[in-house]
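Read off the chains here:
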Amino acid sequence: MVEIQDLEPAVKIPLEKIGFRNIKRRVTFKTPKGEIILDLTMDVTVAIDGDRRGAHLSRNIEALSVPEVLSHTEAHSIEEYLERVADKLLELHDYAFRVEARAKTTYYMEISFNGIRGTEPIEVDILVRKGRDGSRLWTVSVTLAGMSVCPSAQSTIASMLGVEGVAPSHVQRVLVTGRVTTTGEMVRIETLAKAIARSFSAPAFTLLKREQEARLVLEAHRRPKFAEDIAREAVCNIARDLLGTVSDDSLIEVEVESLESIHPHDVYAYTKGRLRDIAGRESICS
């Protein structure tokens, strides 16, 4: 019996991605800190040529459910788990020229700043892409919330008040995403998160007592930064922390979204570069 998906389409255009999004899975990971259980929201897709009408999508779910994948639900990393899923997708979809397995989750990590400590949520997004030609890419993204203090307003207010040193300014909550793409080399979530946390005027904390809150605000005002400053510092911090642990050709990207407190719009900044070009030149990240 001929499957409709195997027939030629009316419009012969390749499809970069066809599959399912937002599949829920719970996976146990064996980490250096012990076992942790994460709830993953997954996307599994395949790429097909223009000579076939569709993909056998039930195989995407099958790739998550076959015994050889289920037996590895106790993985050492999200990347390792997604790699096994991607391998199964290539096996089941013998017509696909590329596959992707992607997972999103919330990870909790201890962050410290100026004597303040807290276990804070970090949004994680990991993608494993494999080609039938043997190509492989791993992309790890983490997003943290922090604070920024506007240097321009602070300077103007200091001049108006005739004061030196720390002056008031408007404060924003800032979302920073750090993203690293390698050819299959491990980039730890905590490494990225700690590099980003050092880039804020001050990180954000879920629980703050009055004295801690006051110290955090004061310290943030001692470190005023534009969104542009945070983007540049974050990409430099990530490059320094990864140097020697992954290939020099690894791609680093940083996105900054400043949720403005005195404007009805937000500020956005983005930068990227290869590890060798960022960390290898002291004139850039001095």
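Residues numbered from 1 in each chain as written. Predicted model: local features only at pLDDT ≥ 70, side-chain atom pairs only at ≥ 80, totals over all residues. Heavy atoms only, no water.

Some details on the pattern of salt bridges
Logical step 1: All chains considered together, the criterion is met by 20 salt bridges.
Logical step 2: Ionic pairing is found between Glu 80 and Arg 84, a salt bridge with its closest N-O pair at 3.4 Å. You can see Glu 80 and its partner Arg 84 sitting in helix α3 (residues 78-92), four residues apart, about one turn around the helix.
Logical step 3: With its nearest N and O atoms 2.9 Å apart, the salt bridge here joins Arg 179 to Glu 255. Here Arg 179 is found in strand β7 (residues 171-182), whereas its partner Glu 255 is found in strand β9 (residues 251-259), with 76 residues between them in sequence.
Logical step 4: Given a relative accessible area of 19%, Arg 179 falls into the buried group.
Logical step 5: Overall, Glu 255 belongs to the partly exposed group, its relative accessible area being 23%. (Salt bridge = Lys/Arg side-chain N within 4 Å of Asp/Glu carboxyl O. Helix = DSSP H or I, 4+ residues; strand = E, 2+ residues; numbered from the N terminus. Buried < 20%, exposed > 50% of the residue type's maximum accessible area, 1.4 Å probe, protein only.)

Description of the pairing of strand β4 (residues 98-113)
Logical step 1: Across seven bridges, strand β2 (residues 34-48) lies against β4 in antiparallel orientation. Bridge pairing in β4 links Asp 43 to Arg 102.
Logical step 2: Of the strand pairs in this sheet, β4 and strand β5 (residues 116-131) are connected by 16 bridges, and their pairing is antiparallel. Bridge pairing links Thr 106 to Glu 123 in β5.
Logical step 3: Connecting β4 to the antiparallel partner β5 that follows it, the hairpin turn spans two residues, and Asn 114 within it adopts a positive phi of roughly 50 degrees. (Pairing = 2+ DSSP bridges.)

Some points on a nonpolar patch on the surface
Logical step 1: Judged by side-chain polarity, Met 160, Leu 161 and Val 163 come together as a nonpolar surface patch covering roughly 320 Å² of accessible area.
Logical step 2: Tracing the backbone shows Leu 161 in helix α4 (residues 151-161). (Patch = residues over 30% accessible without salt bridge, like charges linked within 9 Å, V, L, I, M, F, W, Y side chains within 5 Å. Areas by Shrake-Rupley, 256 points an atom, 1.4 Å probe, with all protein chains shown as cover.)

Regarding the layout of surface pockets
Logical step 1: Quantified by volume, the largest pocket comes out at close to 350 Å³.
Logical step 2: Surrounding the largest pocket, 18 residues form its lining, Thr 31, Ile 36, Tyr 107, Arg 188 and Ile 189 being those nearest its centre.
Logical step 3: Elements supplying a minimum of two residues to the lining of the largest pocket: β1 (15-31), β2, α3 and α5 (189-197).
Logical step 4: Per-element accounting of the lining of the largest pocket gives the leading share, three residues, to β1. (1 Å grid on protein atoms, 1.4 Å probe; cavity = no way out; pocket = protein on both sides within 12 Å on 5 of 7 lines; lining within 4 Å. Points joined across faces, edges and corners; volume = space filled by probe spheres on them.)

Focus: the packing of helix α1 (residues 58-65) against α3
Logical step 1: Packing of α1 against α3 leaves a shortest axis separation of 9 Å and a crossing angle of 135 degrees. When the axes of α1 and α3 are compared, the pair comes out oblique. Considering the relative orientation of α1 and α3, their crossing is right-handed. Mapping the contact onto sequence places Arg 59, Asn 60, Glu 62, Ala 63 and Leu 64 in α1 and Tyr 81, Val 85, Lys 88, Leu 89 and Leu 92 in α3.
Logical step 2: Tallied by class, the residues present in the contact of α1 with α3 amount to six nonpolar, one polar and three charged. (Axes fitted to C-alpha atoms, helices over the stretch in contact; angles between N-to-C directions. Parallel < 35°, antiparallel > 145°, perpendicular 65-115°, else oblique. Left-handed = near helix turned anticlockwise from the far one by under 90°. Contact = heavy atoms within 4.5 Å. Nonpolar A, V, L, I, M, F, W, Y, C, P; charged D, E, K, R; others polar.)

Comments concerning the packing of α5 against helix α7 (residues 227-242)
Logical step 1: At their nearest, the axes of α5 and α7 sit 8 Å apart, and the two run at 140 degrees to each other. With respect to α7, the axis of α5 lies oblique. For the pair α5 and α7, the crossing hand works out as right-handed. Mapping the contact onto sequence places Thr 191, Leu 192, Ala 195 and Ile 196 in α5 and Asn 237, Ile 238, Asp 241 and Leu 242 in α7.
Logical step 2: Tallied by class, the residues present in the contact of α5 with α7 amount to five nonpolar, two polar and one charged.

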